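# Observations on the three-dimensional arrangement
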Amino acid sequence: MIRSALAPQRRAIALGTLLATSWQAGEAAVPFLIGVIIDRAVAGGVGDLALWLGVLGAVYLGLSYSFRYAARSSERASEQAAHDLRMRVTQRVLHDRGGAETDRLPGALVSVATGDAARVGAVAVAVIFGIAAVGAVLVGAVLLLSVSLPLGLLVLLGTPPLMVLTRLIGKPLEARSETEQEHAAQASGVAADLVAGLRVVKGLRAEQAAVARYRERSRSALAATVHAARAESAYQSLVLSLSGLFLAVIAVTGGLLAVRGDLTVGQLISSVGLAQFLVGPMSTFGWVGADLAQGRASARRIAAVLAAPEAVPGGEAVPVIPASGALRVRVSTLDLTVAPGEMLGVVTTDPALAMELVRLLGRSHDPAEGEVTLDGVALSSLAPADLRSVLLATDHHTDLFDGTLRGAISLAGRASAEVVDAAMIAADADEVARSLPDSTFEARTLSGGQRQRVALARSLAAEPAVLVVHDPTTAVDAVTEARIAGRLRGMRAGRTTVLVTTSPALLAVADRVVLVDDGAVCASGTHLELVTRDETYRGTVLA
Amino acid sequence: MTVALALLVAGTVAGLVTPPLLGRIVDLASSGASTGAIVLIGAGLVAGALGEAILAGWGVALLAQGAESMLASLRERFVDSALRLPLEQVERAGAGDLTSRVTNDVAAIAEAARSALPEFSRAMLTIGLTLAGMAVLDWRFLIAALIAVPVQVYTVRWYARRAGPLYASQRVAVAAQQHHLLATIDGARTIRAFRIADEHRARVAAKSQEAVDLLLRGVALQTRFYARLHVAEFAGLTAVLSTGFFLVRADAVSIGTATAAALYFHGLFNPINVALALVDDAQVAASGLNRLVGVADLADSAAAPQAISAGAPQTGPAAAPQTGPAAASSGGPSAEPSGGPSAGPPGEGAAGPSVVPASSSGGGATAIPQPLPAASPAVRVSGLGFSYREDRPVLSDIDLTIAPGERVAVVGSTGAGKTTLAKLIAGVHQPTAGSVHVPAGEVVLITQEVHVFAGPLADDLRLARPAATDDEVRAALTAVDALTWVDQLPEGMSTEVGSGGHTVTAAQAQQLAFARLILADPPVAILDEATAEAGSAGARLLERVAATALSGRTAVIVAHRLTQAATADRIVVLDAGRIVEQGTHQELTARPGPYATLWQVWSDQRPQP
């Protein structure tokens, strides 16, 4: 997962690693040079001092520029990888076959697409600076070897076990950080959900209860964080102790060598300085380990979203185009047929069944048993995107997206201006357009009736061969609804339209109406016929 | 916190024994001391390292704990404030903006508090104590080290000037990214149905890329910042080394002391970089904090006028019963003696009818307690006006008095202002002219918007009455005919519902809304097309449920389903933001008028055989 996310950033990571290593080499040279300067200057004169200070200046110049471009490369790799992951998550959520939203709050998905993506991206930085730290240790060792063979060997042989040890100790941190992040995501999911239901909370005056609920989650997130923070500081302490021990061993060994005359004072200073410098890269392994742990935890959450089972797996066929628009639904006890070009009203006594029917027709999910066919072909054998290009099924709750009204209705310019005009008139959305000061809108500021009319206009403007709408005018007054019903027929002439509704105004314009009660079709006829002869129908529709 | 700081100081001091001990080894080596002496110093080094690790680690843990608790309180306070914001304000800014604040900004501050605060404290301590240590070695080393300071001061100021605006625009870009991401993920089903995934992906991609670009600009700025710090490092190091050189030559200090000074200064690089770089985190956190505090302030200032304009005479701030920490802390305007027009919402003073004498309790005279006679109205609306934009009034000159227990239906075509009127009476929106008076206790508004809160179903209902027992919750579900289907859910009342959980139908969601109403048990209830979402089949059920839920309450029912209007005690017809007709169903159908027309169309669609 992490590998595939970072693979496209290979070049930036390679460049970053190279420069970061060169920066670390420079940093390693500084304590070495301090020793050299003391050695040479004490023995020589002001001229030597000036010369070596000049060398130090050159090293600084190199390390400064290396760091500058190393940081830029690594951050670019990190941000770009996060961006790519964000887009992959978005793409997965929007995928034709759905399934990513199952069991996940939208707020939690947003947190995966932002926070988790960023943490995986940050692995690039960790890798670059981790490798550079290894490089620093190597350069330090080489410099040490040039000063003294035993000291150099000590560092070279001592560092790897130390690194393995820190890595092992860091392992349990991973689990902690995972629970911590989960709690944080949950808390922010609850906050986002409360904000989404703000109108309801306000209407109920339930602000206090809502806050109490958030507080509960926030407190459990806090407990997890404190736990993780403790574990992390214990871990950092251990790393610090280990590197301190290491430094002491080197200093003592160096001191003993100097006493024996194997080292000059300057060389001793160099080695001690180098050993002290090495604490830096080694503690880098600490945070690199922690970042890798976090990145892995985040990568798992992203992978879970990306690998979420499809809601409608299978089916690659393309429907016959132009579709004639014959539908048949045979699901458990329900057997429903729609003729090509028919405008069919479907009345269900059970609202849940109406919702289910619309979702089955739009292939949001497939029936557990039975099948739905379009022109004789099972929907489950059709590719969802191709199916939806001929069959548009809209839920009762459809989302509008901010933008211009015409942009929303024309689906970003897919429908021609004439079609948009006709659709707006048919759905009485032209009145909405007149009420907007400039033609842009934010979906939330529209009233319920306005929203429904814009949504209906959008469905009509898509001009699908088969259109399935679910209670499209529940928030519209009787006069307007009657006007919309009258125009609907003209707009859909010759094309199959399924109106899943109990609105008498819409049912009155349907060619035929079927009544579904107890999961099965129990009556069929025109609205008028059913009104006169069916008691259940009257009870359901004329309430 | 004090303990944490003490531990940090002790830990840092323990860490700072290292350079002098190393210097001591250098001196011992050049004077040819015994192995034992050097090993002894080595033991000292180990003790110092362990002391630093344990003490400082402990201190950091304590500090993080304190910071996390503060942070938790802050984000809770923020959510508290956000939920109290006037609705129109939230809608104007976009819910995504608020969500971004609730999630991203909180996370940014969390990050700062979690890592930056302990690191910063340690770095500052290390810097201070190291400088002290250098002064102890020889005061001239301190002077040499301070050469770097002017460069550092300049660098930080240079950086802060540029970073502030950049971070501000970064946060805006991230918020926009969040807004689009949330809208896209929330609307995934619609996007799939209309096959507009490509457009939405492109939108998200553009916003995300914009945020990335700004972040990278920030990084470029940071690296230039570090380049300047490198100059300071080099200057300081050169000065300290030269000082050591001349002092050793003059025999003023030993070579070990010069070494210790050089090592001290070299040891300063990291803490200085950390401390100065945290200016960075501080900037991010500050701009996030600004956005959070901004919300809290808005909520504070909004809570105050609400208490005045919608408060009933005998109860004071009836419309703002929850004076949480946010509202209580402001005190200011709500404590003013008599409210008066100036304390009310803008424009109130200009509206004639609202400035009625005290007897009609207009204007917002909260301070004069007035016992209302027994037959006093339950709701009194006078001279009410409202507009989102000044040139487009949504409502004007609404006068309406509702008796206790009366059921008033508000009808009219879409866009007539019915919903706005409902929100104003409920106190969700604030009037731009005139006033609304409701009695002691609370008004509950149920809208056509069906949101089921994520979590167990019983928890959703308990939002209305947190202390409700299981029996009370069951009773409410029974009253709204919902118990049967709730019991059939996989885990009954404990079933997870809402987004991410079990999906309930619109009608079921609205049944839950009525169950919340019953649990909240307010004297006045306002239904804003609360039965609309369910379609006619569900509506019939919901109308029955509504009748049960409303029994014993004063009710305002916004309805286009005229069956509800026909059974109301009184019908008020709105058109273009004004009341054009009112009376009983019999009165209004008996004479030609807007209601008679509406009724005609309605009953034509529903021929009764």
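In what follows, the accompanying structure is described. (Residues numbered from 1 in each chain as written. Chains lettered and ligands numbered in written order. Predicted model: local features only at pLDDT ≥ 70, side-chain atom pairs only at ≥ 80, totals over all residues. Heavy atoms only, no water.)

### Considering the interface of chain A and chain B
Taken together, the contact between chain A and chain B spans 158 residues of the former and 163 residues of the latter. Together, the buried faces of chain A and chain B total about 13,900 Å²; carbon and sulfur atoms form 66% of this surface. Broken down residue by residue, the surface that chain A buries against chain B is led by Leu94(A), Arg205(A) and Phe401(A), which jointly contribute 6%. Run the count over chain A and chain B and you get 5 salt bridges. The closest approach of N and O atoms between Glu101(A) and Arg192(B), which form a salt bridge, is 2.6 Å. (Contact = heavy atoms within 4.5 Å. Buried area = accessible area lost by both parts, 1.4 Å probe. Salt bridge = Lys/Arg side-chain N within 4 Å of Asp/Glu carboxyl O.)

### Examining the environment of Ala368(A)
Residues and elements named next belong to chain A. On the secondary structure map, Ala-368 appears in the loop between helix H9 (351–361) and strand E4 (371–374). Residue class for Ala-368 comes out exposed when judged on its relative accessible area of 87%. Separated by 37 residues in sequence, Ala-368 and Val-331 have C-alpha atoms that sit 8.2 Å apart. (Helix = DSSP H or I, 4+ residues; strand = E, 2+ residues; numbered from the N terminus. Buried < 20%, exposed > 50% of the residue type's maximum accessible area, 1.4 Å probe, protein only.)

### Some points on the pairing of strand E3 (residues 343–348) of chain A
All names here are of chain A. Here E3 lies mainly inside the structure; 6 of its 6 residues are buried. Alternating residues of E3 divide into Met-343, Gly-345 and Val-347 and Leu-344, Val-346 and Thr-348, and every residue in both groups is buried. Sheet analysis places E3 next to strand E10 (residues 496–500), joined by 4 bridges and oriented parallel. Across the sheet, residue Gly-345 finds its bridge partner in E10, namely Leu-499. Bridging between E3 and strand E11 (residues 512–517) involves 5 bridges; their strand directions are parallel. (Pairing = 2+ DSSP bridges.)

### Examining the pattern of salt bridges
Residues and elements named next belong to chain A. Counted by the stated rule, this structure contains 35 salt bridges over all chains. For Arg-97, the salt bridge is made with Glu-316, and the minimal N-O distance between the two is 3.4 Å. Residue Arg-97 is found in the loop between helix H3 (46–94) and helix H4 (106–147), and its partner Glu-316 is found in the loop between helix H8 (265–306) and strand E1 (327–331); the two are separated by 219 residues along the sequence. With relative accessibility at 8%, the residue Arg-97 sits in the buried group. Among the ionic pairs, Asp-428 bridges to Arg-453, the shortest N-O distance being 3.1 Å. Of this pair, Asp-428 sits in the loop between helix H12 (417–426) and helix H13 (430–435) while Arg-453 sits in helix H14 (residues 448–461), and the two are 25 residues apart along the sequence. With respect to burial, Asp-428 and Arg-453 carry one shared label: buried. Where salt bridges share partners, they join Asp-428, Arg-453, Arg-483 and Arg-487 into one cluster.

### Quick word on the nonpolar core
By size, the foremost hydrophobic cluster in this structure holds 186 residues, and its most contacted members are Leu56(A), Leu460(A), Tyr537(A) and Leu237(B). Here the element with the most residues in this core is H4(A); it accounts for 19 residues. The residues contacting Tyr537(A), other than those within four sequence positions of it, are Val347(A), Leu507(A), Val513(A), Leu515(A), His527(A), Leu530(A), Val531(A) and Leu542(A). In this structure, Leu461(B), Val486(B), Leu550(B) and Ala555(B) belong to the second largest nonpolar core, which totals 92 residues. (Core = buried A, V, L, I, M, F, W, Y, C linked by side-chain atoms within 4.5 Å.)

### Quick notes on the sheet that holds E3(A)
All names here are of chain A. Across the sheet, 6 strands lie side by side as E6-E9-E10-E3-E11-E12; this open sheet has mixed pairing. Each of the sheet's edge strands pairs with one partner strand only, and the pair in question is strand E6 (391–394) and strand E12 (520–525). Strand-to-strand twist in this sheet, taken as the mean axis angle between neighbours without regard to direction, amounts to 15°. (Axes fitted to C-alpha atoms, helices over the stretch in contact; angles between N-to-C directions.)

### A few points about H4(A)
The terminal C-alpha atoms of H4(A) lie 60 Å apart, and with 42 residues this matches the ideal 62 Å at 1.5 Å per residue to within 8%. Where H4(A) bends most, the angle comes to about 30°, and this point is Val112(A). (Expected span 1.5 Å × (residues − 1). Bend = angle between axes of the 7 residues up to and from the residue.)

### Considering the environment of Val573(B)
All names here are of chain B. Mapped onto the elements of the fold, Val-573 is located in strand E10 (residues 570–575). Distance from Val-573 to Ala-409, taken between C-alpha atoms, is 8.4 Å for residues 164 residues apart in sequence. Excluding its chain neighbours within four sequence positions, the residues that come into contact with Val-573 are Val-411, Arg-578, Ile-579, Val-580, Glu-581, Leu-588, Pro-594 and Tyr-595.

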